[in-house]
Amino acid sequence: MELILNLMIFLPAVVGLLCLVVSKSNSRWLALLGSVATFVLSVILLCGYDFADGGVQFATVVSWIDMINVEYSTGVDGLSLPLVLLTTALSILIIGASWRID
């Protein structure tokens, strides 16, 4: 499940870079597909979250720059998970609302 959270973070960035190299009509579909995929991943995360346990779950901690003690650290708790779900749902609506903008 930690992989799903990391995929949710990096998938929009990868899709955004792909949108730069495809045509305008294809980039709209690609952006919509990427946002729907991110939303589906957030729903999977919600289904796997143990609300009885609480606390930070799906945590990832990776040492990045050892010399200055920099780490890549992610995780969600009971407050941030609904906000992640809301953000991914709104991204679909925003892309849909901007569909006809030239």
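Presented here is an overview of the structure given in this document. (Residues numbered from 1 in each chain as written. Predicted model: local features only at pLDDT ≥ 70, side-chain atom pairs only at ≥ 80, totals over all residues. Heavy atoms only, no water.)

You can see L5 is positioned in helix α1 (residues 2-21). With a relative accessible area of 6%, L5 lands in the buried category. C-alpha separation for the pair L5 and V62, spaced 57 residues apart in sequence, amounts to 14 Å. Residue contacts for L5: discarding those within four places in its chain leaves L45, F58, T74, G75 and V76. (Helix = DSSP H or I, 4+ residues; strand = E, 2+ residues; numbered from the N terminus. Buried < 20%, exposed > 50% of the residue type's maximum accessible area, 1.4 Å probe, protein only. Contact = heavy atoms within 4.5 Å.)

Moving on: helix α3 (residues 80-97). For the α-helix, the turn length of 3.6 residues means that residues three or four positions removed from each other point alike. For α3, which comprises 18 residues, the first-to-last C-alpha distance of 25 Å matches the rise-based estimate of 26 Å (1.5 Å per residue) to within 8%. Among all positions in α3, only L81, T88 and I95 are buried. Projected down its long axis, α3 shows its buried positions confined to an angular sector of 55°, all on one face. Set apart from the buried face of α3 by more than 90 degrees, the exposed residues are T87, L93, I94 and A97. (Expected span 1.5 Å × (residues − 1). Arc of directions from axis to C-beta.)

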